[in-house]
Amino acid sequence: MKAVGLVVEYNPFHNGHAYHVEQSRLASGADVVIAVMSGPFLQRGEPALVSKWARTEMALAAGVDLVIELPAPFASQNAELFARGSISILEALGCSSFCFGSEDGSIEPFMEAYHFLTKHQSSYDAALRNHLSSGNSYPKAASLAYQELSNGLKLVDLSKPNNILGFEYIKTALHHSFEIIPSTIKRIQADYHETQLGAQPIASATGIRKALAEKESTISTIKQYVPKTTADQLTRYLRTYGSLHTWENYWPLLKYRLLSASHAELAEIAEMDEGIEYRLKSMVLHSTSFHDFIENIKTKRYTWTRLQRVCVHILTGTNKETTKKLQESPSYLRILGMNDNGQDYLRQIKKHISLPLVSRLASFKEDSIHADIQASTIYTLGLKEPFQSLLLKREYESPVIYRK
């Protein structure tokens, strides 16, 4: 059986994701579609709207055959670490290829950009340092350095969010000499950051989340843009747990963590650099909401996304030293869900997988999974009781989701 891998978050699963699944299967000629999916907290430093279990249900209902969780030490991280964890897992699972959506839509410019930057690494590093010293954020400095070096060349545009992630996927695969082959399909209809819902059936996840935040009790506002199974899952989640998860749910917890920790303790938190802990502590008492807090601490150097990720690390107690060791490479494969096809594939390759397959927490005793448990436990605190306990029980006691 031939497998194609996808790196996903499905927050929530929408029609654009369904198009990606279908086109990836067709373009690769794969028998199996495997998704590596972030758990409770996402790459941009946000809590997922609904649990990983609900998002796994959405994925399986829409054609994904096997869903594997991206471990927490790779999930809420910069693009390089996010890509390292994701592509390493797809390689470990024996995927022939991986396919990502991009603004460019062609794989050749990505490959040319990789070889160009590899050849001019020292010049790129010098330009990057120069733009960072001018007070730019890392993404902005990286984009400026790249533009400076590639001026006049027809390389991929690395100012676009999906292109940036796709480039990091390719870097991981080529740098580590993985056998997995990269491919891409063009993102259609909606821009990644588009906040408005239009007439087309494909909208951005950003726009869908914005609509839900404005009126979460009325799932009908987004039904045009998501498969029926997604709308049903969102409706069921609200009925079962009483709320979707947003940063505002966690604001009192984050506020407590910031006020109760010393500057020295905060300095040990992942991605906490250049004394930014002083700015965070000074602004927390002057902020009335999470949104207000980020607005107060955001600067030219620190992007909204970077600050959100720092806040996830504070919330989950993610330590620099401990996390760095876990980020070398994934050490297990946690199965969230599968169908008959995915199960057949696992049976076929099981003897060739070097990493342990985890289907129940009780069956895996390694310390490396503690970060996932911690993140999932903290995630439940965004709900009121008895919903907290109900979701926590799901994490510890329920088996892998199986869909025929």
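For the structure, see preceding data.
Rules used throughout
Residues numbered from 1 in each chain as written. Predicted model: local features only at pLDDT ≥ 70, side-chain atom pairs only at ≥ 80, totals over all residues. Heavy atoms only, no water. Buried < 20%, exposed > 50% of the residue type's maximum accessible area, 1.4 Å probe, protein only. Helix = DSSP H or I, 4+ residues; strand = E, 2+ residues; numbered from the N terminus. Pairing = 2+ DSSP bridges. Right-handed = clockwise from strand over helix to strand, strands pointing away. Contact = heavy atoms within 4.5 Å. Salt bridge = Lys/Arg side-chain N within 4 Å of Asp/Glu carboxyl O. Polar contact = N/O pair within 3.5 Å; in protein donor to acceptor, adjacent residues only side chain to side chain. Axes fitted to C-alpha atoms, helices over the stretch in contact; angles between N-to-C directions. Parallel < 35°, antiparallel > 145°, perpendicular 65-115°, else oblique. Left-handed = near helix turned anticlockwise from the far one by under 90°. Nonpolar A, V, L, I, M, F, W, Y, C, P; charged D, E, K, R; others polar. Expected span 1.5 Å × (residues − 1). Arc of directions from axis to C-beta.

Undergrad: Can you explain the pairing of strand 1 (residues 3-8)? Please cite residues and give values.
TA: With 6 of its 6 residues buried, strand 1 lies for the most part within the structure. Here strand 1 shows two buried faces, one formed by A3, G5 and V7 and the other by V4, L6 and V8. The pairing of strand 1 with strand 2 (residues 32-38) spans 6 bridges and is classified as parallel. In the strand pairing of strand 2, V7 is matched with V36. Running through helix 1 (residues 15-28), the crossover from strand 1 to the neighbouring parallel element strand 2 is right-handed.

Undergrad: If you had to explain the side chain of N11 to someone new, which residues and values would you point to?
TA: Position of N11 among the secondary structure elements: in the loop between strand 1 and helix 1. In this structure, N11 is in contact with L42, P47, A48, L49, R55, A205 and R209, ignoring residues within four places of it in sequence.

Undergrad: Pulling in residues and values, what's your account of the pattern of salt bridges?
TA: Should the charged atoms of two oppositely charged side chains come close, the side chains can pair. Tallied over the entire structure, the rule returns 13 salt bridges. Across the pair R301 and E274 runs a salt bridge whose closest N-O atoms are separated by 3.1 Å. One end of the pair, R301, is in the loop between helix 14 (290-297) and helix 15 (304-316); the other, E274, is in the loop between helix 12 (263-267) and helix 13 (276-284), with 27 residues separating them in the sequence. The exposed category is assigned to E274, whose relative accessible area is 57%. Residues participating in the shared-partner salt-bridge network are E271, D273, R306, R309 and K320.

Undergrad: I'd like to hear about the environment of R347, residue by residue, with values.
TA: By the secondary structure assignment, R347 is in helix 17 (residues 340-349). The class for R347 is exposed, based on a relative accessible area of 55%. There is a polar contact of 3.1 Å between the side chain of R347 and the side chain of D344.

Undergrad: Go over the packing of helix 6 (residues 121-133) against helix 7 (residues 138-150), please, and point to the residues and values.
TA: For any two helices packed against each other, one specifies the inter-axial angle together with the distance between the axes. One way to put it is that helix 6 packs onto helix 7 with a least axis distance of 8 Å and a crossing angle of 135 degrees. In terms of orientation, helix 6 lies oblique with respect to helix 7. In this structure, the crossing between helix 6 and helix 7 has a hand that is right-handed. Between helix 6, through S123, Y124, A127, L128, H131 and L132, and helix 7, the contact on the second element is made entirely by Y138, A141, A142, L144, A145, Y146, E148 and L149. Considering only residue class, the contact of helix 6 with helix 7 consists of 11 nonpolar, 2 polar and 1 charged.

Undergrad: Tell me about helix 10 (residues 228-241), and name the residues and values.
TA: For an α-helix, 3.6 residues make a turn, and residues three or four places apart therefore share a direction. Taking 1.5 Å of rise per residue, 14 residues should cover 20 Å, and helix 10 covers 20 Å from first to last C-alpha, within 8% of that figure. Here helix 10 has its buried residues at T230, A231, Q233, L234, Y237, L238 and Y241. Looking straight down helix 10, one finds that the buried residues subtend no more than 160 degrees of arc, so they occupy a single side. Exposed residues lying more than 90 degrees from the buried face of helix 10 are K228 and R239. Backbone geometry just after helix 10 places G242 at a positive phi near 80 degrees.

Worth remembering: the numbers are spatial, not functional.
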